Amino acid sequence: DDVTVKHFADIKLETAEGIQFNTLHSEGNVAHALNDAKKPQITMTDEALLALGRTQSVNRVFEATVEPKSNGWTLGLATEWTAHAAPSTRFSIARKADNSAETYTLYTVTPGQENKDIETVEHVLTDAEKKATSFKLMLDATEKGKLRALKDGKLVFIWQRGNDFVGANAIWTAQGTTAVFS
């Protein structure tokens, strides 16, 4: 039998040094601080993006805990970030201001062009989801040509396209959104 073993290094937001070392690009209102437990957290407001990793990274897993601080918000993760003016793939969650539902979208961003939706789905929130103050988001591209997008460990999207996902990962917020990432 043929066996292939690969190592996938995590980008962790567990230490201020790790965040600083892995920061590739930052735009908008991005602030780094330590919380009460002395763990680093990243607060982002309005249109902000923090790219972490390296432009030559291939097929990574990226996870963040998110605590939105506004009613009605849009935020998410990105992969394939190589430059401000280059295409990337994003996983977006938009919460309605009345806290009733979220819209999940997987799409490509090409600066200067309309975003291209890959898939969109609306999810009516359970009572537990409405009460939750934070959640985990993950993009898993460890399998060549396959991208999985998860929220709180539950698969939201799986996209197969055949080629590697190359580039850094990013956390981002849209206009009118404030959120803390850790």
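Our structure is the block above this text.
Conventions used here
Residues numbered from 1 in each chain as written. Predicted model: local features only at pLDDT ≥ 70, side-chain atom pairs only at ≥ 80, totals over all residues. Heavy atoms only, no water. Helix = DSSP H or I, 4+ residues; strand = E, 2+ residues; numbered from the N terminus. Rg over C-alpha atoms; globule rule 2.2 N^0.38 Å. Buried < 20%, exposed > 50% of the residue type's maximum accessible area, 1.4 Å probe, protein only. Contact = heavy atoms within 4.5 Å. Areas by Shrake-Rupley, 256 points an atom, 1.4 Å probe, with all protein chains shown as cover. Lys, Arg positive; Asp, Glu negative; His and termini not counted. Charge placed at Lys NZ, Arg CZ, Asp CG, Glu CD. Polar contact = N/O pair within 3.5 Å; in protein donor to acceptor, adjacent residues only side chain to side chain. Pairing = 2+ DSSP bridges.

**Student:** Tell me what's going on with the overall build of the protein chain, and back it up with residues and numbers.
**Tutor:** Tallying secondary structure elements over the protein chain gives two helices and twelve strands in all. For the protein chain, the α and β elements follow one another from N to C terminus as α-β-β-β-β-β-β-β-α-β-β-β-β-β. For the protein chain, whose C-alpha radius of gyration is 16 Å, the value lies close to the compact-globule estimate of 16 Å for 182 residues. Across the 182 residues in the protein chain, those meeting the buried criterion constitute 42%. Partitioning the contacts of the protein chain with sequence separation of at least 6, the portion at a separation of at least 24 is 60%. Taken as a whole, the protein chain presents about 9800 Å² of accessible surface, with 47% of it coming from carbon and sulfur. Once the 20 positive and 24 negative side-chain charges of the protein chain are each reduced to a mean point, those two points are 2 Å apart.

**Student:** Could you give an account of the environment of threonine 55, with specific residues and numbers?
**Tutor:** Counting through the fold element by element, threonine 55 comes out in the loop between strand 2 (40-52) and strand 3 (61-68). Relative accessible area serves as the criterion here: at 31%, threonine 55 is assigned to the partly exposed category. Threonine 55 sits 13 residues away from isoleucine 42 along the chain, and the two C-alpha atoms are 21 Å apart. Not counting residues within four places of it along the chain, the set of residues in contact with threonine 55 comprises Leu24, Trp81, Thr82, Val166, Gly167 and Ala168. Polar contacts involving the side chain of threonine 55 include one to the side chain of glutamine 56, which spans 3.4 Å.

**Student:** Could you give me a rundown of the side chain of serine 57, with the residues and numbers involved?
**Tutor:** Looking at the secondary structure, you find serine 57 in the loop between strand 2 and strand 3. For serine 57, the residues in contact, after removing those within four places along its chain, are Phe165, Val166 and Gly167.

**Student:** Got a sec to walk through the pairing of strand 5 (residues 88-95)? Specific residues and values, please.
**Tutor:** The two faces of the sheet receive side chains in turn, since in a regular strand these alternate between them. Across the eight residues of strand 5, seven count as buried, placing the element largely inside the fold. Hairpin connection from strand 4 (residues 73-81) to strand 5: six residues lie between these consecutive antiparallel strands. Two strands pair when backbone bridges link them, and strand 5 and strand 6 (residues 101-109) are joined in this way by eight bridges, in the antiparallel orientation. Along strand 6, the bridge assignment pairs serine 88 with valine 109. A loop of five residues connects strand 5 with strand 6, the two strands running antiparallel in sequence, and asparagine 99 in this loop sits at a positive phi of about 65°.

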